[in-house]
Amino acid sequence: MNGEKVKVAIVGSTGYGGVELIRFLWGHPHAEIVSVISVSSAGEPLTDGFPHLSEIIVQPLDGLNPEELAAKVDVVFTATPSGVSAKLVPQLLEAGLKVIDLSGDFRLKDGSEYEAWYKHEAPAAGFLEEAVYGLAEIYGDEVKGKELVSNPGCYPTATLLGLIPALSAGWIDPASIIIDAKSGVSGAGRGMNLTNHYAEINENMKVYKVNKHQHIPEIEQTLGHIAGEPVTVTFTTHLVPMTRGIMCTMYAQLKGAYTEEDLIQLYRQYYEGRPFVRIRDNGKWPATKEVFGSNYCDIGFAADERTGRLTIVSVIDNLVKGAAGQAIQNLNLMMGWEETTGLKLTPVYP
Ligand SMILES: NC(=O)C1=CN([C@@H]2O[C@H](COP(=O)(O)OP(=O)(O)OC[C@H]3O[C@@H](n4cnc5c(N)ncnc54)[C@H](OP(=O)(O)O)[C@@H]3O)[C@@H](O)[C@H]2O)C=CC1
Ligand SMILES: CC(=O)N[C@@H](CCC(=O)OP(=O)(O)O)C(=O)O
C-alpha cells in the first residue's frame, strides 16, 4: 500500500460497470481500491461471484455507509442503477467525498426533463447544476478539481464524438440528424431478464425503446449546446447478439460539397491531442472488435455526392469508453493526472 495513492471505493461493484472499474483500477499507478461495496452481498467475498478476480481483490465486500466511507477513501465511483444514484450521490458528496457517477441521474441539467424520460424523481436541487458532464474529449477541461462528474451514457458517447466536429463546424444541418444505434447485451447490465436470455438474443436482433430511449435528451442537450440552438434527433436502438460493443451509424445532410478528405482533416484537427479518438483513413470503416476491451472511439465517414448526405460510423466498447474506461479517464482529469493513466491497453484481438 502506497500512502500517496488516491483511495477509491466502488459502489455497485458486483455489476458489469463495477467489475470493469476494478480491471482498470487494479493496474492504475496512482489509485488504490480500498473498498468494494455491495448492498445485496455485503460481507461475502467478491470472488464468490467473480473467480477471475481471485488474488486481485482479497477483501470481502463492504456494506454501504457514506460516513464510514468518507473516513477511508477520497473518491467513490457509483456504478449503480438510475434512481439509486440520484439519492446516494448527494449523501456521498455531503460526507465530503468526490464522486464519479456512471448512471444517467446527473447528466441532464433540467430535472423535469430527467423525470419525464427516466420516470424517477430527479436528484435534489443544486446537484444537477453542480455535476460536470464528463464527455472527456469535449468537456475534459471542466472536470479538473470537480467534486461530481457525471459519466456520459454509452450510446451518447459514441454518438456525440461522431457528430460534434461536423456540427461544430456548421457542416451539417442539425435538423437532419438520424442515429441508428446497436449495442451488445452487456449494455443492459448484469441483472437477468427474459430479453437478455441467451435463447432470446442468440441469432436475433431486436429494436427497442423507439423514440422513448433515455439517451435522447442527453444527446439533444449536448448537440444543442454545441450548435447554439435546440436540436432534435431521431435515435433508434437495437440489441445485437454480442457481449460488448456499440456501433452508431449516423446520417446528416451536408451544408456544402465536403469530401471525405475534408471530413478526415476536420476530425483529425478537432481531436488532435485527444488520445482515445481515432479517425479512420478514407474508405475504411471501424468495427466493434477493433475497440473491444479498450477506451478507444473509432470513427469513419462517407460523404455521398448523389444525396448530399454524410454517413458517420462510430464504435466504442460500451463497458469501457461507454462506462468504466471513461470514468477512469475522468478520474485522471479530475486529479490532474495524465489522461491515459491506467488506460493504455490495446483492444483485445481476435
Ligand atoms: N452496462 C453498460 O454498458 C453501461 C451502464 N451504465 C450505467 O452504469 C450503471 C451500472 O451499470 P451496470 O454495471 O451495467 O449495471 P448492473 O446491473 O450490472 O449492476 C448494478 C449494480 O448496482 C448495485 N445496486 C443495485 N441496487 C442498489 C442499491 N439500491 N444501492 C446500491 N447499489 C445497488 C448492484 O450491486 P449490489 O446488489 O451488489 O449492491 C448491481 O450489481 C447503471 O446506472 C447503468 O445504467 C452506463 C453506461 C454503460
Ligand atoms: C443494451 C441496453 O439495454 N442498453 C441500455 C443502456 C443503458 C445505460 O447504460 O443506461 P444509462 O446510460 O442511462 O445509465 C439501454 O439501452 O437502456
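Residues numbered from 1 in each chain as written. Chains lettered and ligands numbered in written order. Predicted model: local features only at pLDDT ≥ 70, side-chain atom pairs only at ≥ 80, totals over all residues. Heavy atoms only, no water.

> Would you explain the UniProt feature "active site" (unreviewed entry) in the chain in this entry?
Feature annotation in UniProt assigns "active site" (unreviewed entry) to the following positions: Cys154. Exposure remark for Cys154: the relative accessible area of 13% places this residue in the buried category. If we skip the residues at most four places from it in the chain, Cys154 touches His215, Ile246, Ile316, Asn318 and Gly322. (UniProt positions renumbered as here; feature names shortened; annotations may be inferred. Buried < 20%, exposed > 50% of the residue type's maximum accessible area, 1.4 Å probe, protein only. Contact = heavy atoms within 4.5 Å.)

> What is the right way to look at the site of ligand 1 in this model?
Of all residues adjacent to ligand 1, which total 26 residues, the nearest are Thr14, Ser38, Val39, Ser40 and Thr80. A distance of 3.4 Å separates an oxygen atom of ligand 1 from a polar atom in the backbone of Leu102. One nitrogen or oxygen atom from the side chain of Asn318 is found 2.9 Å from an oxygen atom belonging to ligand 1. Protein burial of ligand 1: of its 890 Å² of free accessible surface, 79% is covered by the chains. Elements with a minimum of two residues in the shell around ligand 1: α1 (16-26) and α12 (320-335). Its residues assigned to classes, the shell around ligand 1 shows 9 nonpolar, 15 polar and 2 charged. (Near = heavy atom within 4 Å. Polar contact = N/O pair within 3.5 Å; in protein donor to acceptor, adjacent residues only side chain to side chain. Areas by Shrake-Rupley, 256 points an atom, 1.4 Å probe, with all protein chains shown as cover. Helix = DSSP H or I, 4+ residues; strand = E, 2+ residues; numbered from the N terminus. Nonpolar A, V, L, I, M, F, W, Y, C, P; charged D, E, K, R; others polar.)

> How do you make sense of unusual backbone geometry when you look at a structure like this?
For residues other than glycine, phi is negative in most cases, and the peptide bonds are mostly trans. Tyr349 connects to Pro350 through a cis peptide bond whose omega is 0°. Examined against the element boundaries, Pro350 turns out to sit in the segment after α12. Even without a glycine there, the phi angle at Lys119 is positive, about 60°. Assignment of secondary structure puts Lys119 in the loop between α5 (111-118) and α6 (127-130).

> Teacher, can you tell me more about the site of ligand 2 here?
As a structural note, the neighbourhood of ligand 2 is formed by 17 residues, with Arg107, Tyr208, Lys209, His213 and His215 the closest of them. Arg107 is positioned with one of its side-chain polar atoms (N or O) 2.9 Å from an oxygen atom of ligand 2. Within the contact set of ligand 2, an oxygen atom lies 2.6 Å away from a side-chain nitrogen or oxygen of Tyr208. Here the shell around ligand 2 is built from residues that sort into 6 nonpolar, 9 polar and 2 charged.

> Help me understand the UniProt feature "domain: Semialdehyde dehydrogenase NAD-binding" (unreviewed entry) in the chain in this model?
With numbering matched to this structure, UniProt assigns "domain: Semialdehyde dehydrogenase NAD-binding" (unreviewed entry) to residues 7-146. Between the end C-alpha atoms of residues 7-146 the distance is 16 Å, and the span holds 38% helix and 16% strand.

> For this particular structure, what's the right way to read the sheet that holds strand β2 (residues 31-37)?
As summarised here, the arrangement of the 6 strands in space is β2-β1-β3-β4-β6-β5, forming an open sheet in which the pairing is parallel. In this open sheet, the two strands that pair with only one neighbour each are β2 and β5 (132-133). In the sheet, strand β3 (residues 75-78) pairs with strand β4 (residues 98-101) via 4 bridges, with the strands oriented parallel. Opposite Val76, over in β4, you have Val99 as the bridge partner. (Pairing = 2+ DSSP bridges.)

> Just checking my understanding: could you explain the pattern of salt bridges for this structure?
As a working rule, side chains carrying opposite charge can pair if their charged atoms are close by. One pass over the structure, following the stated rule, counts 13 salt bridges. Of the charged contacts in the structure, one is a salt bridge between Asp281 and Arg268, with a shortest N-O distance of 2.8 Å. Of the two residues, Asp281 is situated in the loop between β11 (277-279) and β12 (297-304) and Arg268 in helix α11 (residues 260-270); the sequence distance between them amounts to 13 residues. Overall, Asp281 belongs to the partly exposed group, its relative accessible area being 47%. Taking relative accessible area as the criterion, Arg268 reaches 38% and is therefore assigned partly exposed. One salt bridge connects Arg280 with Glu290, and the closest N-O pair in it is separated by 2.7 Å. With Arg280 in the loop between β11 and β12 and Glu290 in the loop between β11 and β12, the pair connects residues that are 10 residues apart, well separated along the chain. (Salt bridge = Lys/Arg side-chain N within 4 Å of Asp/Glu carboxyl O.)

> I'm lost on helix α4 (residues 84-94) in this one. Help?
Since one α-helical turn is 3.6 residues long, residues separated by three or four positions face the same way. Among the residues making up α4, those that are buried are Ser85, Ala86, Leu88, Val89, Pro90, Leu92 and Leu93. Buried residues in α4 make contact with β1 (6-11), α3 (66-72), β3, β4, α6 and β6 (148-150). Following α4 by one or two positions, Gly96 has its phi on the positive side, about 100°.

> Just checking my understanding: could you explain the nonpolar core for this structure?
What tends to happen in soluble globular proteins is that the nonpolar side chains get buried as a cluster. Of all hydrophobic cores here, the largest spans 43 residues; its most connected members are Ile172, Ile179, Leu223, Tyr267, Ile299 and Phe301. Among the elements that make up this core, the one with the highest residue count is helix α8 (residues 154-168) (9 residues). Not counting chain neighbours up to four residues away, the residues in contact with Ile299 comprise Leu161, Gly162, Tyr267, Tyr271, Val277, Arg278, Ile279, Arg280, Pro286, Ile312, Val313 and Ser314. Residues Val6, Ile22, Leu61 and Ile328 belong to the second largest nonpolar core, which totals 36 residues. (Core = buried A, V, L, I, M, F, W, Y, C linked by side-chain atoms within 4.5 Å.)

> I keep staring at the environment of Ile219 and nothing clicks. Help me out?
Residue position: Ile219 is located in helix α10 (residues 215-227). Separated by 92 residues in the primary sequence, Ile219 and Phe127 place their C-alpha atoms 20 Å from one another. Every residue in contact with Ile219, bar those within four places of it in the chain, is listed here: Pro156, Thr159, Leu160, Ile179, Val233 and Phe235.

> Would you mind going over the sheet that holds strand β8 (residues 206-208) with me for this structure?
Sheet strands associate in pairs through backbone hydrogen bonding, adopting either a parallel or an antiparallel arrangement. Read across the sheet, 7 strands follow the order β8-β9-β7-β10-β13-β12-β11 without closing on themselves; strand pairing throughout is mixed. The open sheet has two edge strands, β8 and β11, and neither has a second partner. Neighbour to neighbour, the strand axes of the sheet diverge by 20° on average, direction disregarded. Across 3 bridges, the pairing between β8 and strand β9 (residues 234-239) is antiparallel. Looking at β9, one finds that Tyr208 is bridged to Thr237. (Axes fitted to C-alpha atoms, helices over the stretch in contact; angles between N-to-C directions.)

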